[in-house]
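Listed below are the residues making up each chain.
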Amino acid sequence: MAVSPTILLLLLSLAVSGSAHPSPPPPRGCSVDVDPPYRVLCDLEAVWGVVLEAVACSGGLASLVLAVLLLVKLRSISDPARRSGMGPLLLLLGTLLGLFSISLAFLVGKNQALCVVRRAFWGPLFALCFSSLLVQGVRLRRLVAGKASPSGSSLAALGLALALVQGIISAEWVLLTVVREGHPACEYPPLDFALTCSYTLGLLLIAMGLSLAVVLCGGEMVSDGAGGSEEDREGDSEKRRWKCNAVWLFLSSLASALLWVAWLGFYLYGSQALRGKGKGGGKKEAKVLDEPALAVALVIQGWILLLLHAIPEAHLCLRNPPQTTTQDFFDTSNTSPPPHFGDELPAHSHRPFPENQSFSIEEHGATLRSGTYHSSHGSMRPGIAFRGHVYQPTEMALVMNGGTMPTAPVNYTGRRLW
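Cut-offs applied
Residues numbered from 1 in each chain as written. Predicted model: local features only at pLDDT ≥ 70, side-chain atom pairs only at ≥ 80, totals over all residues. Heavy atoms only, no water. Helix = DSSP H or I, 4+ residues; strand = E, 2+ residues; numbered from the N terminus. Buried < 20%, exposed > 50% of the residue type's maximum accessible area, 1.4 Å probe, protein only. Contact = heavy atoms within 4.5 Å. Areas by Shrake-Rupley, 256 points an atom, 1.4 Å probe, with all protein chains shown as cover. Disulfide = S-S within 2.5 Å. Phe/Tyr/Trp six-rings, centres within 6.5 Å; stacked < 30°, edge-to-face > 60°. Lys NZ or Arg CZ within 6 Å of the ring centre and 35° of its normal. Expected span 1.5 Å × (residues − 1). Bend = angle between axes of the 7 residues up to and from the residue. pLDDT = per-residue confidence, 0-100. Axes fitted to C-alpha atoms, helices over the stretch in contact; angles between N-to-C directions. Parallel < 35°, antiparallel > 145°, perpendicular 65-115°, else oblique. Nonpolar A, V, L, I, M, F, W, Y, C, P; charged D, E, K, R; others polar.

### Regarding the overall build of the protein chain
Right, on to step 1. Assigned secondary structure in the protein chain consists of 13 helices and two strands.
Right, on to step 2. Counting every position in the protein chain, which comprises 418 residues, the buried fraction comes to 34%.
Right, on to step 3. When contacts within the protein chain are restricted to residue pairs at least 6 apart in sequence, long-range pairs at least 24 apart make up 75% of them.
Right, on to step 4. Total accessible area computed for the protein chain in this model is approximately 25500 Å², and 65% of it derives from carbon and sulfur atoms.

Structure, rendered in structure tokens:
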């Protein structure tokens, strides 16, 4: 019983100390159950986090809807040249979905697991995006040159192989600094983080150079000299269509390069200046602007690729090819039914064949002896030996002559009946 007063005094002291240092109230828009590291996602006082989260979620939803639409319409695309661009495009849309998702990890507070995820997935996701642009440039280069493009699966496999190099670089960086040297995953120099993305930046520059070469130079059309002018016009229209794709590819690559220059300049120099300012007057400013710059860069980069490349490329792949102006004489899809003879005969001004104009026995004998005969119009024409040849008019000849019995041509040799 002597121990109970001591326990009561300890409980009272803990209660007093707890009331003396109360936990900070949640910001407006967040409930008490939300952990402090995740309150930036619902804090209405710092509205930038909510806006960035909404923009990232809408970008991920747009990428998912566009990918599903392309998968549904994939069977309706029969042109191999257009179908070959679907593989890299679907790879890009899947990467954009991951890019928008990982941007939320840069908004919440830091811990060991989140920092490992940030460092491990930043470079490979960007490498997948830029390798998709690079293989699209290779595809357009071949199409403009008049050559056959590789299949979509081959181009997607090439993009994955190029991005695997960046994945190995990022994995080695995390293993060497965190596992081997024992440094905290959240503490790393900004210059090291930028240098690990140098391979990704190289992929972007190569993609931009390829697209610019297609736009400015194009390719030499393969011509054997035997094609007509109509084939040349069709080749020129195809070349202009692929150059339109290359223009959108160049614009997306150029905008991405400008974004990376601005992001690296701010992250390497502007962030250090803010950190030095925060050390002199407090660490609040450096803490606020430390990771959001990476989240903003992720979201802006995702929307650039979605608006300037994914949506235009999907539209150009799904639209109907232009119809050719040449008439296909062998197309029997729109044949009209044959006319019924005797139903609707055109009215002709020909005089019907009189019944009394038939050869008599005497006239027939005279014709055989002289070799000539008189036609119904009174003209004399050379006759043909009746014994060897007989002229038999067809039904079409009767219809074309208005029902009259046509005369045999002069040089008609006929069909021997005996």
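That covers the picture; the talk isn't over yet.
### Concerning the state of the cysteines
Chemically, a disulfide is nothing more than a covalent bond linking the sulfur atoms of two cysteines.
Right, on to step 1. Using the criterion set out here, one finds one disulfide in the structure.
Right, on to step 2. Each sulfur of the disulfide joining C115 and C186 lies 1.8 Å from the other. Between C115 and C186 the sulfur-sulfur dihedral comes to about 95°; the bridge is accordingly right-handed. Of this pair, C115 sits in helix 5 (residues 112–144) while C186 sits in the loop between helix 6 (152–180) and helix 7 (190–195), and the two are 71 residues apart along the sequence. Both residues of the pair, C115 and C186, belong to the buried class.

### Overview of the environment of V116
Right, on to step 1. The topology assignment puts V116 in helix 5.
Right, on to step 2. Accessibility expressed as a relative area gives 27% for V116, which makes it partly exposed.
Right, on to step 3. Sequence separation between V116 and V174 is 58 residues, and the spatial gap between their C-alpha atoms is 7.3 Å.
Right, on to step 4. When residues no more than four places from it in sequence are discounted, the contact partners of V116 are V174 and A185.

### Quick notes on the packing of aromatic side chains
The geometry of an aromatic ring pair is captured by two quantities: the separation of the ring centres and the angle between the planes.
Right, on to step 1. Summed over the entire model, instances satisfying the criterion amount to 15 aromatic pairs.
Right, on to step 2. Note on F106 and W122: the rings are 5.7 Å apart at their centroids and 70° apart in plane angle, and the pair reads as edge-to-face. Here F106, found in the loop between helix 4 (86–102) and helix 5, pairs with W122, found in helix 5; they are 16 residues apart in sequence, far enough to count as distant. Each member of the pair F106 and W122 is classed as buried.
Right, on to step 3. Three or more aromatic residues joined by ring pairs make a cluster, and in this case those are F106, W122, F126, F130, W173, Y188, F193, W260, W263 and Y267.
Right, on to step 4. Over the ring of W173 we find R119; its NZ or CZ atom is 3.9 Å from the centre of that ring.
Right, on to step 5. The ring of W242 is capped by R241, whose NZ or CZ atom sits 4.5 Å from the centre of that ring.

### Regarding helix 5
Right, on to step 1. For helix 5, with 33 residues, the first-to-last C-alpha span of 49 Å sits near the 48 Å given by 1.5 Å per residue.
Right, on to step 2. F121 marks the point of greatest bend in helix 5, at about 30°, and the proline P124 comes within the next four residues.
Right, on to step 3. The buried fraction of helix 5 is high, at 24 of 33 residues.
Right, on to step 4. Phi for G146, located one or two positions after helix 5, is positive at around 85°.

### Quick look at the confidence of the model for the protein chain
Right, on to step 1. Here the protein chain shows a mean pLDDT of 74. Residues at 70 or above account for 60%.
Right, on to step 2. Contacts from residues 220–228, a stretch scored under 50 in pLDDT, to residues over four places away or in other chains number eight contacts.
Right, on to step 3. Note on residues 281–289: pLDDT under 50 across the span, and six contacts to partners over four residues away in sequence or across chains.

### Examining the environment of A62
Right, on to step 1. Relative to the helices and strands, A62 resides in helix 2 (residues 47–73).
Right, on to step 2. The partly exposed category is assigned to A62, whose relative accessible area is 30%.

### Concerning helix 11 (residues 292–318)
Two residues of an α-helix separated by three or four positions point the same way, owing to the 3.6 residues in each turn.
Right, on to step 1. Taking 1.5 Å per residue as the helical rise, helix 11 with its 27 residues ought to reach 39 Å, and the 37 Å between its terminal C-alpha atoms agrees with that figure.
Right, on to step 2. At L306, helix 11 is bent by approximately 40°, the largest bend along its length.
Right, on to step 3. Counting buried residues along helix 11, 19 of its 27 residues qualify, which places the element largely inside the surrounding structure.

### Things to note about the packing of helix 4 against helix 6
Right, on to step 1. With their axes 6 Å apart at the nearest point, helix 4 and helix 6 run at an angle of 45° to one another. One way to sum up the angle between helix 4 and helix 6 is to call them oblique. Residues G87, P88 and L91 of helix 4 form the contact with helix 6, whose participating residues are G152, L155, A156, G159 and L160.
Right, on to step 2. Tallied by class, the residues present in the contact of helix 4 with helix 6 amount to five nonpolar, three polar and no charged.

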